[in-house]
Amino acid sequence: MSGRPLDVLEAAIGDAVTVRLKGGEEFTGTLTGYDQHMNVVVEDEDNTTIIRGDNVVSITP
């Protein structure tokens, strides 16, 4: 995938991702949403997690 960051996030909606945060913590689940600030919503079987964009280091499939 290549392109602008928001285009890449749009293409990844509904896909499994791992989101790595500044502190080294990782969240794995399905990317279900995002906004213009790159805040992301990741869902797994039990939880919905909203991650503030300024804490995100990387998002990988």
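In what follows, the structure referred to is the one given above.
Below is a short write-up of the structure. Since we're looking at a predicted model, the values are computed, not measured. Each chain carries its own residue numbering, running from 1 in the written order of its sequence. The predicted nature of this model means local features are confined to residues of pLDDT at least 70 and side-chain atom pairs, given and counted, to a pLDDT of 80 or more, with totals for whole chains, interfaces and linings taken over all residues. Only hydrogens and water are set aside; all other atoms, that is, all heavy atoms of the structure, feed into the side-chain values.

Focus on the overall build of the protein chain
Phase 1 of the analysis: Numbered from the N terminus, helices here are DSSP runs of H or I no shorter than four residues, and strands are runs of E no shorter than two. In terms of regular secondary structure, the protein chain is built from one helix and five strands.
Phase 2 of the analysis: When the helices and strands of the protein chain are listed from N to C terminus, the series reads α-β-β-β-β-β.
Phase 3 of the analysis: Computation of the radius of gyration draws on C-alpha atoms alone. For the globule rule, the value is 2.2 Å times the number of residues to the power 0.38. What you see for the protein chain is a C-alpha radius of gyration of 10 Å, in line with the 10 Å of a compact globule of 61 residues.
Phase 4 of the analysis: Reported as C-alpha extents along the three principal axes, the dimensions of the protein chain are approximately 30 × 25 × 20 Å.
Phase 5 of the analysis: Looking at the protein chain as a whole, 21% of its 61 residues qualify as buried.
Phase 6 of the analysis: Considering only contacts within the protein chain whose residues lie at least 6 apart along the sequence, 36% involve residues at least 24 apart.
Phase 7 of the analysis: For the protein chain, the centre of its 4 positive side-chain charges and the centre of its 11 negative side-chain charges are spaced 13 Å apart. Relative accessible area decides the class of each residue, using a 1.4 Å probe on protein chains only: under 20% of the type maximum gives buried, over 50% gives exposed, and in between gives partly exposed. By the convention used here, residues are in contact when the closest approach between their heavy atoms is within 4.5 Å. A residue counts as positive if it is Lys or Arg and as negative if it is Asp or Glu; His and the chain ends are not included. Lysine's charge is taken at NZ, arginine's at CZ, aspartate's at CG and glutamate's at CD.

Notes on the pattern of salt bridges
Phase 1 of the analysis: Definition used for salt bridges: Asp or Glu carboxyl oxygen within 4 Å of a side-chain nitrogen of Lys or Arg. The tally for this structure, following the rule as stated, stands at three salt bridges.
Phase 2 of the analysis: Taking the shortest distance from any N to any O, the salt bridge between Asp7 and Arg4 comes out at 3.0 Å.
Phase 3 of the analysis: Judged by its relative accessible area of 59%, Arg4 is exposed.
Phase 4 of the analysis: In this structure, the salt-bridge partner of Arg20 is Glu26, at a minimum N-O distance of 3.6 Å.

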